[in-house]
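# Remarks on the overall topology
Below, each chain spelled out in residue letters.
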Number of protein chains: 2
Amino acid sequence: MNLLIDLAWLAGVMGLGVAGILFFAVKKESPGNEKMVEIAQAIKEGSITFIKREYQILVVFELAVFALLYWKLSPETAFAFLGGAGCSMVAGLAGMASATNANVRTCQAARDGGQDKALLVAFNGGAVMGLAVASLGLIGVGVLFGFYGNPENAAVINGFAMGASSIALFARVGGGIYTKAADVGSDLVGKVEAGIPEDDPRNPGVIADNVGDNVGDVAGMGADIFESYVGSMIATLAIAATLSAAGVLDIARGAASEEAARTHLMMLPLALAVLGLAASVVGIFSMRVLKSIGPAAALRYSTFISAGLLLLGAFMLINSSNIATGVWLAVLVGSVGGILIGLITEYYTAGPPVRRIAEASKTGAATNIINGLAIGLESCALPVVVICITIYVANDFAGLYGIGIAAVGMLATVGVTMTVDAYGPVADNAGGISEMAGLGPDVRAITDSLDAIGNTTAAIGKGFAIGSAALTALALFSAYSMAVNHVRAAQGIEPMLIVITEPIVVIGLFIGGVLPFFVAALTMTSVGKAAAQMVEEIRRQFREIPGLLEGKEGVKPDSARCVDISTRAALKEMILPGVVAVISPVAVGFLLGAEALGGMLAGATLAGVLLALMMANAGGAWDNAKKAIETGAIEGEQKGTDAHHAAVVGDTVGDPFKDTSGPSMNILIKLMSIVSLVIAPLLV
Amino acid sequence: MNLLIDLAWLAGVMGLGVAGILFFAVKKESPGNEKMVEIAQAIKEGSITFIKREYQILVVFELAVFALLYWKLSPETAFAFLGGAGCSMVAGLAGMASATNANVRTCQAARDGGQDKALLVAFNGGAVMGLAVASLGLIGVGVLFGFYGNPENAAVINGFAMGASSIALFARVGGGIYTKAADVGSDLVGKVEAGIPEDDPRNPGVIADNVGDNVGDVAGMGADIFESYVGSMIATLAIAATLSAAGVLDIARGAASEEAARTHLMMLPLALAVLGLAASVVGIFSMRVLKSIGPAAALRYSTFISAGLLLLGAFMLINSSNIATGVWLAVLVGSVGGILIGLITEYYTAGPPVRRIAEASKTGAATNIINGLAIGLESCALPVVVICITIYVANDFAGLYGIGIAAVGMLATVGVTMTVDAYGPVADNAGGISEMAGLGPDVRAITDSLDAIGNTTAAIGKGFAIGSAALTALALFSAYSMAVNHVRAAQGIEPMLIVITEPIVVIGLFIGGVLPFFVAALTMTSVGKAAAQMVEEIRRQFREIPGLLEGKEGVKPDSARCVDISTRAALKEMILPGVVAVISPVAVGFLLGAEALGGMLAGATLAGVLLALMMANAGGAWDNAKKAIETGAIEGEQKGTDAHHAAVVGDTVGDPFKDTSGPSMNILIKLMSIVSLVIAPLLV
């Protein structure tokens, strides 16, 4: 069995190797002319500076939590926590370094190699993030499993997931505020007031906007998915470690003893992740062949290929190791569920509802907003049905363990799903650079088409991130209650039942439910404040720098100042939501008890998932409704009409929805669950 | 003890008598000149026509449910159901008849008696609704209690609450769609496109808009509060009927036997309601003295006087009947909690957050919307904290019974709180009539100031409605689970525990949580569709009726057609949300089981309360932000500036939020809970 553990971290190391090869392969490509290099350099510097300053703040926070864990729980848990945080940070840095190399090279590839080549460069640039997430997760969990992979000590591994979570929340919230402050700010002054195009080099906020794509959509998204990936494995492992003897033997039927069966089940998530990583590498490399069938289809098929391979491998693995076939069915529903949620998201953010919003724009901004909100609210229903069916089937076939495994199944091919996700901001940046460097309409046409697909993949990715966060949080929630009962059983106390008619549980439920609303309010307000500062600074530059708005030769905006404004605002505003998320489960757990904390997790997961779906889908639909008008898909309307102005209002409202507040929800619910799981032993 | 039952329904009859006196006292006032009478007549006819057509549809639905209950449960429950529905309908009709008398008479009182007299007429006009709600509720529950007020048969009384609920949902949703379709439609064409003032007689939609105030804010709100009032009493009664013997004796310590104690506890809600009605009558009549201290203070003090009297009376009653003082503390926290939620609502819809939205309007509609949504999201936190504290304290002092009693305490003075609520639309209508009849700036100034206070009381009333709905739903939820267990115990089955870590409960929780989002989406969409029809019709009339827009003497708009459009749209669109609310608990209960249904109720209550708070407060804040700009409270801004246009967008978005979708949530959660309570015996 130790063979598997070695295999896990070795696979991770090999995955990192592949990521390294892709990193240098991308870097080897030509970065284009001097102007392009200069712009790309500014974006890269802004991104790296932000991440460095963010990490400086986080190090203080992480060390404080480390000390607390060391003192209150165990040194091992504390070090695992640092490991999780460190892996998440490294993955984010690596992915961003690669994305900021790939953006300008995608642009150049579009110039001298056409669409296929540009697609490949952007995709490979994203693949570094995808593979880094999958590989570092596997190495971290694999190594820890080697040391603590037995039912008695497995709780140590939870620290790793908590470390990953804590980084994720700050990265998502900070990155989200950064990117939307820059985006909203430069759009409000540039597009609306000054009437210059998006990404125009005269706009001082454009570099910050492009930096935002990297720190928000690459680093932030990566940390989010890293956390889900690690969290799903660790929750399943924790469930397996605390499952009853009968439960264990019922699933791993062929095992010689209860212990052997339990170890089997604890290892399965790791084995599935190894399979998933291998399947992802195949999916990533298949892009070399797929690229000629058109970018949208190519991206979709690379995901399908990986999912298919995972399911095939999982079937053989599970059958050959005498684990009940029901477990494979759980992998299947998880994997299919993830894809279905993505497709539903695509319907709401690129299908008929978009036209409804665009049509409603004809009667003004108010009807655009009313319809967008209505569609966002409506869009929660089907994904929730998919989540419910996934839970039902997974539980029916393999109990709570099945729910954990379904989450693992959804996330095992994270290497490729994250790649497709990270491709989006690379393509978006490439478009920005081609505009700023004045590369002409041919190049812009290619980058625009890649960017448009990137918007759709981003929306699908967000749906997937929410679905996987929901399943992961539920698995962590089960793990939490089992962990509490495990300690209680050891002390001879009867098991805790979180009964929802108990007033204290209802109170927990309500506190949990209101937290996502509160964090959403905080982050929306932060974007508003930061964007207002950005607006003032851009207005000031247009006013005070002579010749800037007229586009006089040699006059440049002071982009660094805008980068600095976004950086400061994001770093300042990320603190409160992060602290709220970490402290509230601790406070409720110790003040109101373990049952109330259980209610709180349920309430937070429910409200968080619903708000996340609503915000992500409304935001995506508003964005595309505006694009539909701009591309002439709505009869009688075009850029500059009243309907277009109304649609721009919707798009601007949607920005913090889909890129700041909505995504924060995923991490909020996972972070609260993992903090609860870690402190569970202290609550008995 | 039968004395109390007689007292209850006699008090109800006397309350109706007082309502009758006020009705005729208002009617006796002068309705003003011919033009005013004509306008008032059109509003009255429109309102009555709508209600009649609504009731025609509802009768079919009610009879179908009656047949089902008769067949599946018992003839008694079925007749109780009809009784509840009938009382709610009569209360709605009486209240609306009075409100549509009072509107024009308030206007005339402002002309010849000044503000004090106008205030009194409007208040008395609203008091008919307030007293009708309280009295009919007391009569219905009192009479049923006389027949079925013993632990074995008490379940019959649940039918009464279900009848009230079913009417409430359709009335709220239908009324909400009606009023906002008319409001949004006539504002979009009149104020925004044609640039004519609100309530201008040239606008064909103005009569429909004024009708909407009556059918939405009087009849709809009345049905909502009637349901909470009845629901809180019946839930408490049901809890007392199924409480354990030890639990009963622990609360009613002085009773001779367990049965005597139980009867005591079952009767207490009724006794509190009698006290509350008496306190309300005093509060209502104190307005004669209070009116000279200024309308805002007068309205507030009339509520405080009633609450104070209730608490005093309850203290004496509870102490003298040997019930634990903890029960009185539950009344206290309920009553204070209701007032606190109202004050928090006032802060968010009339305090500093309003200025924040108004300031944000300076940078456009998008920042207005972002800030409004952020404030709506933020505004959920404190009311939820109040609800949690109320639950905690009530439960701590008197268990689940205490939670029911807290809801009763919050709602017992419904006679006066509903009066203050219904005052708002009367004052609003008075303003509309004075504008349409061209009564000049002096009269308009009085009606405007009364209307402005009405907006604040409406916002407070909405907060109160949500808070009371939350407590009532939670009490009903407890009653549901106790009812299931009561039947199980009788059949020798061990009690059901709704354990939130069970996958089937999680599934129920998610289904329940998504329903409010879905119903909100349906109702928002309905308003959008109906408003669009209204926009087309008003545009058509301005285009096709010569001289209308120019205000040519003798040219009148075809208001009846607009009334008809709103009526048809509302009646058509109210069906689906209503049916969803009734069918979903039945479907989940029978398909997934009683535990899943429990999870569903918890999820729906949580998501419903949060959405209701968010929508009501954001809507109220947007409305007042627009008014702040119009009244010159924001430096440099006024009617017609860009910031004002942005604020109008926010106000228009807020309309369906605060008057259609938000209020529907209250009833959705109560209706689902009461349906579950009624079908509980069938789920074992």
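Just so it is clear, the structure is predicted and the values come from calculations on it, not from any experiment. (Residues numbered from 1 in each chain as written. Chains lettered and ligands numbered in written order. Predicted model: local features only at pLDDT ≥ 70, side-chain atom pairs only at ≥ 80, totals over all residues. Heavy atoms only, no water.)

Each helix and strand counted, chain A has 20 helices and zero strands in total. Taking 26 Å as the expected radius of gyration for a compact globule of 684 residues, we find that chain A reaches 24 Å, a close match to that expectation. Projected onto the principal axes, the alpha-carbon positions of chain A cover approximately 80 × 55 × 45 Å. Considering chain A as a whole, with its 684 residues, one finds that 67% of them fall into the buried category. Residue pairs at least 24 apart in sequence account for 84% of intrachain contacts in chain A once pairs closer than 6 positions are excluded. Surface accessibility of chain A: about 21,000 Å² in total, with carbon and sulfur atoms responsible for 62%. Of the charged side chains in chain A, 39 are positive and 54 negative, and the gap between their average positions amounts to 4 Å. (Helix = DSSP H or I, 4+ residues; strand = E, 2+ residues; numbered from the N terminus. Rg over C-alpha atoms; globule rule 2.2 N^0.38 Å. Buried < 20%, exposed > 50% of the residue type's maximum accessible area, 1.4 Å probe, protein only. Contact = heavy atoms within 4.5 Å. Areas by Shrake-Rupley, 256 points an atom, 1.4 Å probe, with all protein chains shown as cover. Lys, Arg positive; Asp, Glu negative; His and termini not counted. Charge placed at Lys NZ, Arg CZ, Asp CG, Glu CD.)

Next up on the list: the packing of aromatic side chains. Applying the stated criterion across every chain, the model contains 24 aromatic pairs over all chains. Arranged with centres 6.3 Å apart and planes meeting at 75°, the rings of B:Y70 and B:F79 form a pair that is edge-to-face. Of the residues examined, B:Y70 reaches a relative accessible area of 41% and is grouped as partly exposed. What links up through ring pairs into an aromatic cluster is the set A:F66, A:Y70 and A:F79. Stacked on the ring of B:W71, the Lys or Arg B:K72 has its end atom at 4.5 Å from the ring centre. (Phe/Tyr/Trp six-rings, centres within 6.5 Å; stacked < 30°, edge-to-face > 60°. Lys NZ or Arg CZ within 6 Å of the ring centre and 35° of its normal.)

Phi is positive for A:N322, which is not a glycine, with a value near 60°. Within the secondary structure, A:N322 is located in the loop between α9 (295-320) and α10 (325-350).

If you rotate chain B by 180° and push it 0.0 Å along the axis, it lands on chain A with an RMSD of 0.0 Å. The transformation just described matches what one would write down for a two-fold rotation axis. Of every C-alpha in chain B, the one belonging to B:V499 sits nearest the axis of rotation, 2.2 Å from it. Interface residue correspondence from chain B to chain A reaches 100%, placing this contact among same-surface, isologous pairings. (Least-squares fit on C-alpha atoms with pLDDT ≥ 70 in both.)

Let's shift gears to the environment of A:G17. Mapped onto the elements, A:G17 comes out in helix α1 (residues 2-28). Here A:G17 falls in the partly exposed class, since its relative accessible area comes to 35%.

Okay, helix α17 (residues 559-573) of chain A next. An ideal rise of 1.5 Å per residue puts 21 Å on 15 residues; α17(A) measures up with 21 Å between its terminal C-alpha atoms. Buried residues in α17(A) make contact with α2 (34-72), α5 (155-194), α6 (206-242), α16 (503-544) and α18 (575-592) of chain A. (Expected span 1.5 Å × (residues − 1).)

Below, the discussion takes up the pattern of salt bridges. In total, this model carries 58 salt bridges over all chains according to the counting rule given. For the salt bridge of A:K180 with A:D183, the shortest nitrogen-to-oxygen distance reads 2.8 Å. Within this pair, A:K180 and its partner A:D183 are both found in helix α5, separated by three residues, close to a single helical turn. Taken individually, A:K180 and A:D183 each receive the classification buried, so the pair is uniform in this respect. The shortest N-O distance in the salt bridge between B:K626 and B:D651 comes to 2.9 Å. Note that B:K626 is positioned in helix α19 (residues 594-630) and B:D651 in helix α20 (residues 642-679), a separation of 25 residues in sequence. Among the residues examined, B:K626 registers a relative accessible area of 5% and is labelled buried. You can call B:D651 buried: its relative accessible area is 5%. Connected through shared salt-bridge partners, A:K180, A:D183, A:K462, A:D623, A:K627, A:D655, A:K658 and A:D659 make up one network. (Salt bridge = Lys/Arg side-chain N within 4 Å of Asp/Glu carboxyl O.)

Further remarks concern the interface of chain B and chain A. Tallying the contact residues gives 60 residues for chain B and 60 residues for chain A. The tally of links from chain B across to chain A stands at zero salt bridges. Elements represented by at least two residues in the side of chain B that touches chain A include exactly α12 (365-378), α13 (381-411), α15 (441-490), α16 (503-544), α19 and α20 of chain B. Take the side of chain B that touches chain A: its biggest share by element is 16 residues, from α16(B).

Further remarks concern the nonpolar core. For soluble globular proteins, nonpolar side chains are generally found buried alongside one another. Core analysis: the largest hydrophobic core is formed by 536 residues, its most contacted members being A:Y401, A:Y480, B:Y401 and B:Y480. When sequence neighbours within four positions are dropped, the list of residues in contact with B:Y480 reads B:M496, B:A594, B:L597, B:G598, B:L601, B:S676, B:L677, B:A680 and B:L683. (Core = buried A, V, L, I, M, F, W, Y, C linked by side-chain atoms within 4.5 Å.)

Moving on, we come to the packing of α16(A) against helix α20 (residues 642-679) of chain A. Geometry of a packed helix pair, given as the angle between the helix axes and the separation of the axes. Residue and element names in this part refer to chain A. Relative to each other, α16 and α20 sit at 140°, their axes nearing to 9 Å. Note that α16 runs across α20; the crossing there is right-handed. In this structure, α16 contributes L515, P516, V519, A520, T523, M524 and V527 to the contact, and α20 contributes P656, F657, T660, S661, S664, M665, L668 and M672. In terms of residue class, the contact of α16 with α20 is made up of eleven nonpolar, four polar and no charged. (Axes fitted to C-alpha atoms, helices over the stretch in contact; angles between N-to-C directions. Left-handed = near helix turned anticlockwise from the far one by under 90°. Nonpolar A, V, L, I, M, F, W, Y, C, P; charged D, E, K, R; others polar.)

You can see A:F657 is positioned in helix α20. On the basis of relative accessibility, which here comes to 2%, the residue A:F657 falls in the buried class. Separated by 488 residues in the primary sequence, A:F657 and A:L169 place their C-alpha atoms 16 Å from one another. For A:F657, the contacting residues outside a window of four places in its chain are A:L373, A:M524, A:M614, A:M615, A:A616, A:A618, A:W622, A:G662, A:P663 and B:L373.

Moving on, we come to the confidence of the model for chain A. When pLDDT is averaged along chain A, the result is 92, and 100% of the positions lie at 70 or above. Across the assembled chains, the prediction reports ipTM 0.94 with pTM 0.94. (pLDDT = per-residue confidence, 0-100.)

Turning to the side chain of A:K658, a few remarks are in order. All names here are of chain A. Within the element layout of this structure, K658 appears in helix α20. In this structure the side chain of K658 is engaged in a polar contact, spanning 3.2 Å, whose partner is the side chain of D655. Dropping the residues within four chain positions of it, K658 is found in contact with K180, K462, M615, A616, G619, G620, D623 and P663. (Polar contact = N/O pair within 3.5 Å; in protein donor to acceptor, adjacent residues only side chain to side chain.)

Take a nonpolar patch on the surface next. Residue and element names in this part refer to chain A. A cluster of nonpolar side chains, namely V282, I293, Y301, F304, I305, L309, L312, F315 and M316, defines an oily patch on the protein surface of about 790 Å² accessible area. Along the chain, F304 turns up in helix α9. The partly exposed category is assigned to F304, whose relative accessible area is 35%. (Patch = residues over 30% accessible without salt bridge, like charges linked within 9 Å, V, L, I, M, F, W, Y side chains within 5 Å.)

The next point concerns the packing of helix α4 (residues 114-148) of chain B against helix α9 (residues 295-320) of chain B. Residues and elements named next belong to chain B. Across the interface, α4 lies against α9 with an axial gap of 11 Å and an inter-helix angle of 35°. Of the two elements, α4 crosses α9, and the hand of that crossing is right-handed. Touching Q115, L119 and F123 of α4 are P295, A298, L299 and S302, all from α9.

Residues and elements named next belong to chain A. Mapped onto the elements of the fold, N368 is located in helix α12 (residues 365-378). In this structure N368 comes out as buried when scored by relative accessible area, which is 0%. Residue contacts for N368: discarding those within four places in its chain leaves I357, A360, S361, W622, A646, A647 and G650.

What follows covers helix α8 (residues 258-290) of chain B. Side chains three or four residues apart in an α-helix point the same way, a direct result of the helix having 3.6 residues per turn. In this model α8(B) runs 47 Å from its N-terminal to its C-terminal C-alpha over 33 residues, within 8% of the 48 Å that 1.5 Å per residue would give. At B:L268, α8(B) is bent by approximately 35°, the largest bend along its length, and proline B:P269 sits one to four residues beyond. (Bend = angle between axes of the 7 residues up to and from the residue.)

Looking now at the environment of B:I341. All names here are of chain B. Relative to the assigned elements, I341 resides in helix α10 (residues 325-350). It is 27 Å that separates the C-alpha atoms of I341 and V649, two residues lying 308 residues apart in sequence. Discounting chain neighbours no more than four positions away, the residues touching I341 are P383, V386, I387, G463, F464 and G467.

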